[in-house]
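What the coordinates show
Single-letter residue listing:
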Amino acid sequence: MGENRLLYLSYQDIVDIDLSMPEIIEAMQKMFRAKGEGRTEMPPKPGIHPGGGDNFIHAMPASIPDLESAGIKWVSGFPENPAKGLPYISGLLIFNDVHTGLPLAVMDGVWMTAKRTGAASAISARHLARPESSVMGILGCGVQGRSHVEALKVLFPLKKVVAYDVNPAAQEQYVTEISRSHDLEVIPAKGPREAVSGCDIVVTAGPMMNPPHATIQPGWLDEGAFASLVDYDSYWQPAAMHATDIFCTDDTNQFRTAQQAGYFKDIPDLHADLGELATGQKPGRQTPAERTMTANLGLALDDMAVAPLLYRKAVEKGIGTWLPL
Ligand SMILES: NC(=O)c1ccc[n+]([C@@H]2O[C@H](COP(=O)([O-])OP(=O)(O)OC[C@H]3O[C@@H](n4cnc5c(N)ncnc54)[C@H](O)[C@@H]3O)[C@@H](O)[C@H]2O)c1
């Protein structure tokens, strides 16, 4: 690898690299242990808001010496995009050489955003869900609804997925696709409650809303169940969150920043973040009956755990386009 060039990896290149979910989960577990032991760096993410409204572009830098990883993801979310036929989330990641600081690669950030979010929920679930969990409820049959089944299936003996979406076409397509691509029974839920009650693991992955639509009521989540709130607290009534025994997140500092920005106004006390769970500084689930919950916000560290794997595999397989610096 010369020092006067960088590797450009498009979305399609990244798909072609064919990095597996178990590889992503393994790298992220190492990262969360390093984070818990204080061996990572991740300043709070600054953002700009072109056009106002809920539009954002965030800068997400992080360094993970254990994984020889350093870099930044520059990621945007523009809620009006889907109506224009454009993706809601787009982004690029710059991967730097930890020894020289030189940029080694520029890569599309959409694929990793989908996969690492599912992987983070799966790692939380390893600490917070019952190991024999086999029934999963999905609310929001989109990108995250898909990556979460893929990730949780790696760590749990999943048999059945109950899927709910407000858009019947999205729900139907999801049921057909997931039952074909995974060896799972996939059932369309008639309403949101069916995708919560009776499930061991519940993932809410609808749109992020502030104020929250707060559809899920106390009493819906079963004793012994685990829930991952991918869309922040949008889906849950405060009383339903307060009815859980353990409420966690992925990074306490980032969680406090989100609270200052007006999210998570009425939630239980934070029990632990994922670094503390990964190192055992704080216990996860302790009894089969506990209701547990995590609201992972998505970290620059997640992306920077995945980026070196993509870069190394791309170089090995000869994928991507070399560009002069
Ligand atoms: N925490 C993180 O790290 C992280 C990372 C990426 C995305 N997200 C969040 O995850 C959520 C899902 O993202 P995505 O990329 O999968 O979006 P997506 O647009 O691909 O899918 C969202 C789906 O939710 C459906 N939906 C809308 N309202 C609903 C409701 N009330 N109940 C059930 N379904 C509903 C839509 O029809 C759509 O099918 C968003 O809120 C996004 O901001 C979080």
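What you see is a predicted model, and the numbers here were worked out from it, not measured in a lab.

1. Some words on the overall build of the protein chain
A count of helices and strands for the protein chain gives nine helices and 15 strands. Taking 325 residues into account, the globule formula puts the C-alpha radius of gyration at 20 Å, and the protein chain, at 19 Å, falls close to it. Taking the principal axes of its C-alpha atoms as reference, the protein chain extends roughly 60 × 45 × 40 Å. Per-residue burial over the protein chain gives 54% buried out of 325 residues. Intrachain contacts of the protein chain at a sequence separation of at least 6 include 71% that bridge at least 24 residues. On the protein chain, roughly 14200 Å² of surface is accessible, and the fraction owed to carbon and sulfur atoms is 52%. Across the protein chain, 27 positive and 38 negative side-chain charges occur, with their mean positions spaced 2 Å apart.

2. Brief notes about a nonpolar patch on the surface
Residues Tyr8, Leu92 and Leu323 make up a contiguous nonpolar surface patch of roughly 230 Å² in combined accessible area. Within the secondary structure layout, Tyr8 lies in strand S1 (residues 5-9). By relative accessible area, Tyr8 is classed as partly exposed at 30%.

3. Regarding the pairing of S1
Relative to strand S15 (residues 321-324), S1 is paired through four bridges, and the arrangement is antiparallel. Directly across from Leu7, in S15, lies its bridge partner Trp322.

4. Examining the packing of helix H4 (residues 143-155) against helix H5 (residues 168-181)
For the pair H4 and H5, the least separation of the axes is 11 Å and the interaxial angle reads 25°. The orientation of H4 relative to H5 falls into the category roughly parallel. With respect to the hand of their crossing, H4 and H5 are arranged in right-handed fashion. Residues Gly145, Arg146 and Val149 of H4 form the contact with H5, whose own contacting residues are Gln173, Tyr174, Glu177 and Ile178. Here the residues of the contact of H4 with H5 are counted per class, giving three nonpolar, two polar and two charged.

5. Thoughts on the sheet that holds strand S14 (residues 292-295)
As summarised here, the arrangement of the eight strands in space is S9-S8-S7-S10-S11-S14-S12-S13, forming an open sheet in which the pairing is parallel. In the strand order of this sheet, the two ends are held by strand S9 (185-188) and strand S13 (272-273), each with one partner. Sheet analysis places strand S7 (residues 135-139) next to strand S8 (residues 160-164), joined by five bridges and oriented parallel. Paired with Ile138 across the bridge in S8 is Ala163. The strands touched by H4 within the sheet are S7, S8, strand S10 (201-204) and strand S11 (226-229), with S7 carrying the most contacts at an inclination of about 160°.

Calculation notes
- Residues numbered from 1 in each chain as written.
- Predicted model: local features only at pLDDT ≥ 70, side-chain atom pairs only at ≥ 80, totals over all residues.
- Heavy atoms only, no water.
- Helix = DSSP H or I, 4+ residues; strand = E, 2+ residues; numbered from the N terminus.
- Rg over C-alpha atoms; globule rule 2.2 N^0.38 Å.
- Buried < 20%, exposed > 50% of the residue type's maximum accessible area, 1.4 Å probe, protein only.
- Contact = heavy atoms within 4.5 Å.
- Areas by Shrake-Rupley, 256 points an atom, 1.4 Å probe, with all protein chains shown as cover.
- Lys, Arg positive; Asp, Glu negative; His and termini not counted.
- Charge placed at Lys NZ, Arg CZ, Asp CG, Glu CD.
- Patch = residues over 30% accessible without salt bridge, like charges linked within 9 Å, V, L, I, M, F, W, Y side chains within 5 Å.
- Salt bridge = Lys/Arg side-chain N within 4 Å of Asp/Glu carboxyl O.
- Pairing = 2+ DSSP bridges.
- Axes fitted to C-alpha atoms, helices over the stretch in contact; angles between N-to-C directions.
- Parallel < 35°, antiparallel > 145°, perpendicular 65-115°, else oblique.
- Left-handed = near helix turned anticlockwise from the far one by under 90°.
- Nonpolar A, V, L, I, M, F, W, Y, C, P; charged D, E, K, R; others polar.

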